[in-house]
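Here is what each chain is made of, one letter per residue.
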Amino acid sequence: MSKRITVAIDGPAGAGKSTLARRIADKLGYLYIDTGAMYRAVGLWAVRANVALSDMHRLEQLANEARIEFVPGSGGVLLNGEDVTEAIRAPEIAEAASKVSMVPAVRRAMVAKQREIGARASVVMEGRDIGSVVFPDATVKIFLDARPEVRVERRAGESSLPPEIIARQISERDQRDRTRPESPLVQAPDAVYVDTTGLSVDDVEAALLKIIRDRTSNGKERTQ
Ligand code: DC
């Protein structure tokens, strides 16, 4: 039986992680795991349950109790059995996710779930700390980035909010994600940096598949 492959894709909001990670997982037949969706699900539950985003103890409880499932192939996300795929994409939930993701105990709970998933199957997992913390021994690590104005433009295309509001939200979220004491967004030293500014999705996909194939035997673990 061939060995499991772990592809870790990290980077800031709007760098193209979700689009690319999903496409690559499809191409290689691996599981696609969007770890941001997991923090969003905890954030959504906290907002709905009126839990203050500063209440670390309650947030820890929610994170431990949350049953987060990915519907294979569809990109769907279930929280405690409910389809929250759309609900977690609301801008206020992105904000809540960024705040709950600062809580060390919430991160511990999510990282444990992520490692469990990665232990069972070959995965393309995307987030902020996958190559640095969740899977320091990942088969392939990629750090996707793009110029801030391009990242804002991409997010603006997916939202009805004015671009200046999106620019502010992204910049505040990036700042929080990069400077939090617990598992901040950093490029792992052995990650390959890919700047997607000015590149089409097809171009980036081809570049990433080449990186992955160079480090594996055409998507399978090298035998030697
Ligand atoms: O990728 P995203 O925008 O859906 O992520 C939502 C928030 O979750 C983001 O502000 C940072 C946080 N996050 C994290 O801290 N660690 C991860 N592995 C993934 C996301």
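Refer to the structure above for everything that follows.
Now for a look at the structure at hand.

What counts and what doesn't
Residues numbered from 1 in each chain as written. Predicted model: local features only at pLDDT ≥ 70, side-chain atom pairs only at ≥ 80, totals over all residues. Heavy atoms only, no water. Helix = DSSP H or I, 4+ residues; strand = E, 2+ residues; numbered from the N terminus. Buried < 20%, exposed > 50% of the residue type's maximum accessible area, 1.4 Å probe, protein only. Lys, Arg positive; Asp, Glu negative; His and termini not counted. Salt bridge = Lys/Arg side-chain N within 4 Å of Asp/Glu carboxyl O. Contact = heavy atoms within 4.5 Å. Expected span 1.5 Å × (residues − 1). Pairing = 2+ DSSP bridges. Axes fitted to C-alpha atoms, helices over the stretch in contact; angles between N-to-C directions.

1. Observations concerning the side chain of R173
By secondary structure assignment, the location of R173 is in helix α8 (residues 163-179). Although R173 is buried, it makes no salt bridge; D177 carries the closest opposite charge, 4.6 Å away. The residues contacting R173, other than those within four sequence positions of it, are A13, R40, A94, S98, R128 and R155.

2. Section: α8
With 17 residues, α8 extends 24 Å from end C-alpha to end C-alpha; this agrees with the ideal 24 Å at 1.5 Å per step. Structurally, α8 contributes buried residues whose contacts are with α2 (35-48), α4 (91-100) and α7 (148-157).

3. Digging into the sheet that holds strand β4 (residues 76-79)
Pairing in this open sheet of three strands is antiparallel, and the strands run β3-β4-β5 from one edge to the other. What marks the edges here is a single partner per strand, and that holds for β3 (68-71) and β5 (82-83). Two elements, β3 and β4, share four bridges in a ladder whose sense is antiparallel. Considered in β4, the bridge of I68 is made with L79. In the packing of α2 onto the sheet, contacts are made with β3, β4 and β5, and the angle to β3 comes to roughly 130 degrees.

4. Thoughts on the sheet that holds strand β2 (residues 31-34)
Either a parallel or an antiparallel arrangement is found when strands of a sheet pair, and the pairing is made through backbone hydrogen bonds. The five strands are arranged β2-β6-β1-β7-β8 in an open sheet whose pairing can be described as parallel. The sheet is open, and its two edges are formed by β2 and β8 (192-195), each paired on a single side. On average, each strand axis in the sheet is tilted by 20 degrees relative to the strand beside it, whichever way the strands run. Pairing of strand β1 (residues 6-10) with strand β6 (residues 123-127), which is carried by five bridges, proceeds in the parallel orientation. Each bridged residue has a counterpart across the sheet, and for A8 the counterpart in β6 is M125. Packing against the sheet, helix α1 (residues 17-28) makes contact with β1, β2, β6 and β7 (140-145), and its axis sits at approximately 175 degrees to β6.

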